[in-house]
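# Per-entry structural report
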Amino acid sequence: APDGHMIVLPNAIAASQVTINLSTNYAPWPITITIRLSRDADIEAARKLALSVAAEVAGQASVVGCFLTKIDAAAITLELRFKAADAAGRDVVRSKMLMTLPARFAEAKVGSSGAELPAFS
């Protein structure tokens, strides 16, 4: 489920009974974009830029955060987490974010060091 819970519905129940969703709660669809930068990149500048792009594209209320998840000898990895308003718009928001982030990082010259440019996935 979008809120992180695993829902198990055995085939026998699905085939033999009517299932009604009585939930009035809506859980937005989570999206994560991985940002890989060179080791000497300004992590805080990259985080702030990613968060501002996410707020612009998805809306401030949808932004969960941008977290440092890995540091190795050559690179650092950030995870930008935000939520889509609905399941149908999830791919559209992710696609728009993947088009906007590289352009903004290039404009601001954040994370680019010579031959190694930021990577987004």
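These notes cover the structure that comes with them. (Residues numbered from 1 in each chain as written. Predicted model: local features only at pLDDT ≥ 70, side-chain atom pairs only at ≥ 80, totals over all residues. Heavy atoms only, no water.)

### A short note on the packing of aromatic side chains
- Under the defined criterion, the tally for this structure stands at one aromatic pair.
- With a centroid separation of 5.2 Å and 75° between ring planes, the pair formed by F105 and F120 is classed as edge-to-face. Of this pair, F105 sits in helix α3 (residues 90-108) while F120 sits in strand β4 (residues 119-120); the two residues are 15 residues apart in sequence, bridging distant segments of the chain. Each member of the pair, F105 as well as F120, is classed as buried. (Phe/Tyr/Trp six-rings, centres within 6.5 Å; stacked < 30°, edge-to-face > 60°. Helix = DSSP H or I, 4+ residues; strand = E, 2+ residues; numbered from the N terminus. Buried < 20%, exposed > 50% of the residue type's maximum accessible area, 1.4 Å probe, protein only.)

### As for α3
- Taking 1.5 Å per residue as the helical rise, α3 with its 19 residues ought to reach 27 Å, and the 27 Å between its terminal C-alpha atoms agrees with that figure.
- Within α3, the full set of buried residues consists of V93, M97, T100, L101 and F105.
- Considering only its buried residues, α3 is in contact with β1 (29-38), α2 (43-58), β3 (75-84) and β4.
- Two residues or fewer after α3 comes K109, characterised by a positive phi angle close to 55°. (Expected span 1.5 Å × (residues − 1). Contact = heavy atoms within 4.5 Å.)

### As for the side chain of T100
- Mapped onto the fold, T100 is located in helix α3.
- Judged by its relative accessible area of 18%, T100 falls in the buried class.
- Among the polar contacts listed, one links the side chain of T100 to the backbone oxygen of K96, at a separation of 2.8 Å.
- Non-local contacts of T100, meaning those with residues more than four positions away in its chain, are made with V53 and V57. (Polar contact = N/O pair within 3.5 Å; in protein donor to acceptor, adjacent residues only side chain to side chain.)

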